[in-house]
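Report on the structure
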Amino acid sequence: MAGRKLVCLECGQVNRVPEDRLGGAPKCGTCGAALLPGKPVEVDAQTYAKAARTDEVPLVVDFWAPWCGPCRAMAPQFAAAAQAMQGRARFAKLNTEDHPEPGARAGIRGIPTMVIHRGGREVARVSGARASSQIVDWVRGQTAEKA
Ligand code: ZN
């Protein structure tokens, strides 16, 4: 069984998870961290880059910063969406103050901006704060993942 490649967001190791294990709380074979934790994981520039080019499960990244009011307001909505989509998509947060390079490279001008990656390419992006239900609908619509 081929499975789907997922980069561990904690240690950066590439894991291969069988389709039927995606919903079963798979863990990283190297560090034991949950691969699909159902909550947003803070990533650095290096982990983000590796996951964005490797992950075969939709990776939803919230580009944010601590000084950005709308970003902070959206954080619980993003977390709720991550929980709602556990096993079907991964949610990560990239602090653009600590790690400005990825956003600059991607041409992101305003935050919050959410970007969906899958299979090494950008699937979609949207700027501005959203409610959790809007985030879930958007990710489902862009990735054709079934509810
Ligand atoms: Zn790991």
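Refer to the structure presented above.
So, here is what we can say about the structure in this document. (Residues numbered from 1 in each chain as written. Predicted model: local features only at pLDDT ≥ 70, side-chain atom pairs only at ≥ 80, totals over all residues. Heavy atoms only, no water.)

Quick word on the side chain of Thr47
- By the element assignment, Thr47 lies in helix H1 (residues 45–54).
- On the basis of relative accessible area, Thr47 is assigned to the buried category, the value being 13%.
- The residues contacting Thr47, other than those within four sequence positions of it, are Cys8 and Leu9. (Helix = DSSP H or I, 4+ residues; strand = E, 2+ residues; numbered from the N terminus. Buried < 20%, exposed > 50% of the residue type's maximum accessible area, 1.4 Å probe, protein only. Contact = heavy atoms within 4.5 Å.)

As for the pattern of salt bridges
- Under the criterion given, the structure shown has four salt bridges.
- A salt bridge links Asp62 to Lys93, with the shortest nitrogen-to-oxygen separation between them at 3.1 Å. Separated by 31 residues along the polypeptide, Asp62 in strand S4 (residues 59–64) and Lys93 in strand S5 (residues 90–95) bring together distant segments of the chain. Across this residue pair, the class does not change: Asp62 and Lys93 are buried.
- Ionic pairing is found between Arg125 and Glu122, a salt bridge with its closest N-O pair at 2.8 Å.
- Taking relative accessible area as the criterion, Glu122 reaches 33% and is therefore assigned partly exposed. (Salt bridge = Lys/Arg side-chain N within 4 Å of Asp/Glu carboxyl O.)

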